[in-house]
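Reading the structure
Residues per chain are reported as follows:
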Amino acid sequence: MSTLVAVPALFLPSDADTVEIAVLFSVFAGLLVFFEYNSDYPSLLDFRNAPPFNRIRFAGPFLTMFLLVVTTHGEQAPSGFSDVCRLVGLNLGLTLDFPFSPVRLLAFAQPQGADLVDHLRLMTHAGLAILVSLVFLAVFVLMVRVLNWPVRQGAFNFWVNLPLFDPTTGGDVIRRLKRDSHFNLALGVALPFLIPPILEAAVAMGLGPDLAEPQPLIWTVCIWAFVPTGLIMRGVALARIADLIADKRRRAYAEAEDVDMQIV
């Protein structure tokens, strides 16, 4: 986690203040994850003991960050790998740049007067981020549907893996899980369309990141791609947990009915 936060500042041109801030945030992120995973009692992270949910949520942004840094660095020091990344990302980004698409909306957030180089860089980064996010989302859905996540490796501990969800309040647990699942799925689908207008308004007021600069652009594209992906993954996971609880409840009712019939 520390490496993920520090990579752009360490491998791209940065001033001393930017590097110091990146190192500070990287240390904080690393300590947060370290203490969360080494504590006896859960506090913030969902699905802590249900791998590989959090590994996928980390690996996707990390790979995206790495590819975007390599592509940006390749503008000054080209290599075969950076050229391939740029070609794939640019073709996919331009393909998805049609009216009302998330990529087109993200392009509107660029400052007025942005030149063609900045626009093509945004298209390249957006294409790579979308490709990686869709691949990792498909991998997780495959693990849920085919590999029987999260019970393939043992029992699922509800309290440890959902520390912020209180099953004792708010009505039926299955109904609440499905409601939260639908909310996460809907928000995950909507955010790629909602983030660009918010970003555009922030840029217009002078509060948003400068998308002409490499590091703000990389962070913006990663957040734009993987915050929605993480929400969709969480929605799929919550729906899966709701189905497991419903199956267990049906089995318990069936066993109770069998016992009643035997007594009669």
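So, here is what we can say about the structure in this document. The model shown is predicted, which means the values in this text are computed figures rather than measured ones.

Quick notes on the overall build of the chain
Each helix and strand counted, the chain has nine helices and zero strands in total. Each helix and strand of the chain, ordered N terminal to C terminal, gives the series α-α-α-α-α-α-α-α-α. For the chain, contacts bridging at least 24 residues in sequence account for 74% of all contacts bridging at least 6. For the chain, the accessible area works out to roughly 14800 Å², and carbon and sulfur atoms hold 67% of it. Across the chain, the 18 positively charged side chains and the 23 negatively charged ones have centroids separated by 11 Å.

Focus: the packing of aromatic side chains
Scanning the model with the defined rule gives ten aromatic pairs in all. Grouping aromatic residues by their ring pairs yields a cluster made of Phe47, Phe53, Phe140, Trp149 and Phe156. One Lys or Arg, Arg176, reaches over the ring of Phe165 and ends 4.3 Å from the middle of that ring.

A short note on the pattern of salt bridges
Enumeration over the complete set of coordinates arrives at eight salt bridges. We note a salt bridge from Arg86 to Asp83, for which the minimum N-O separation is 3.1 Å. Placement of the pair is Arg86 and Asp83 together in helix α4 (residues 80–95), with a separation of three residues, close to one helical turn. Of the residues examined, Arg86 reaches a relative accessible area of 22% and is grouped as partly exposed. The exposure class of Asp83 is partly exposed, given its relative accessible area of 37%. Across the pair Asp118 and Arg121 runs a salt bridge, and its minimum N-O distance is 3.0 Å. Of this pair, Asp118 and Arg121 both sit in helix α6 (residues 116–145), three residues apart, which is roughly one turn of that helix. Salt bridges sharing common partners tie together Glu75, Asp118 and Arg121.

Some points on the nonpolar core
The biggest cluster of nonpolar side chains holds 57 residues, and the ones touching the most others in it are Phe47, Phe140, Trp149, Phe158, Leu177, Val221 and Trp224. Going through the elements one at a time, α1 (2–11), α3 (53–73), α5 (102–108), α6, α8 (173–204) and α9 (214–263) are the ones with two or more residues in this core. The element that contributes the greatest number of residues to this core is α9, accounting for 17 residues. In this structure Trp224 touches Pro102, Val103, Leu106, Ala126, Ile130, Pro192, Ile195 and Pro196, once residues within four positions along its chain are discounted.

A closer look at the environment of Arg86
Between the C-alpha atoms of Arg86 and Leu68, which are 18 residues apart in sequence, the distance is 8.9 Å. Beyond its immediate sequence surroundings of up to four residues, Arg86 is in contact with Thr71, Gly74, Glu75 and Thr124. At 3.3 Å, the side chain of Arg86 and the backbone oxygen of Thr71 are in polar contact.

Regarding α4
Counted at 1.5 Å a residue, the expected span for α4 with its 16 residues is 22 Å, and the 23 Å between its end C-alpha atoms agrees. Those residues of α4 hidden inside the fold are in contact with α3, α5 and α6.

Observations regarding α6
A rise of 1.5 Å per residue sets the reference length of α6, with its 30 residues, at 44 Å; its end C-alpha atoms lie 43 Å apart and thus fit the reference within 8%. The N-terminus of α6 is capped by Asp115, whose side-chain oxygen sits 3.3 Å from the backbone nitrogen of Val117.

Comments concerning the side chain of Thr229
Looking at the secondary structure, you find Thr229 in helix α9. Excluding anything up to four places from it in sequence, Thr229 contacts Ser133 and Leu137.

Some words on the packing of α1 against α3
It is the contact of α1 with α3, at a shortest axis distance of 10 Å, that shows an interaxial angle of 5°. Compared by their axis directions, α1 and α3 come out roughly parallel. Across the interface between the two elements, Thr3, Leu4, Val7, Pro8 and Phe11 from α1 touch Phe58, Pro61, Phe62, Met65, Val69 and His73 from α3. The residue inventory of the contact of α1 with α3, partitioned by class, reads nine nonpolar, two polar and no charged.

Digging into the state of the cysteines
For the coordinates displayed, the defined rule picks out zero disulfides. This cysteine, Cys85, is not joined by any disulfide, and Cys222 carries the nearest cysteine sulfur, 13 Å off.

Quick notes on the packing of α3 against α4
Contact pair α3 / α4: the axes reach a minimum separation of 8 Å and the direction vectors enclose 110°. Classified by the interaxial angle, the pair formed by α3 and α4 is roughly perpendicular. Of the residues in α4, those in contact with Phe66, Leu67, Val70 and Thr71 of α3 are Phe81, Ser82, Cys85 and Arg86. Among the residues making up the contact of α3 with α4, the classes are represented as five nonpolar, two polar and one charged.

Quick notes on the rules
Residues numbered from 1 in each chain as written. Predicted model: local features only at pLDDT ≥ 70, side-chain atom pairs only at ≥ 80, totals over all residues. Heavy atoms only, no water. Helix = DSSP H or I, 4+ residues; strand = E, 2+ residues; numbered from the N terminus. Contact = heavy atoms within 4.5 Å. Areas by Shrake-Rupley, 256 points an atom, 1.4 Å probe, with all protein chains shown as cover. Lys, Arg positive; Asp, Glu negative; His and termini not counted. Charge placed at Lys NZ, Arg CZ, Asp CG, Glu CD. Phe/Tyr/Trp six-rings, centres within 6.5 Å; stacked < 30°, edge-to-face > 60°. Lys NZ or Arg CZ within 6 Å of the ring centre and 35° of its normal. Salt bridge = Lys/Arg side-chain N within 4 Å of Asp/Glu carboxyl O. Buried < 20%, exposed > 50% of the residue type's maximum accessible area, 1.4 Å probe, protein only. Core = buried A, V, L, I, M, F, W, Y, C linked by side-chain atoms within 4.5 Å. Polar contact = N/O pair within 3.5 Å; in protein donor to acceptor, adjacent residues only side chain to side chain. Expected span 1.5 Å × (residues − 1). Axes fitted to C-alpha atoms, helices over the stretch in contact; angles between N-to-C directions. Parallel < 35°, antiparallel > 145°, perpendicular 65-115°, else oblique. Nonpolar A, V, L, I, M, F, W, Y, C, P; charged D, E, K, R; others polar. Disulfide = S-S within 2.5 Å.

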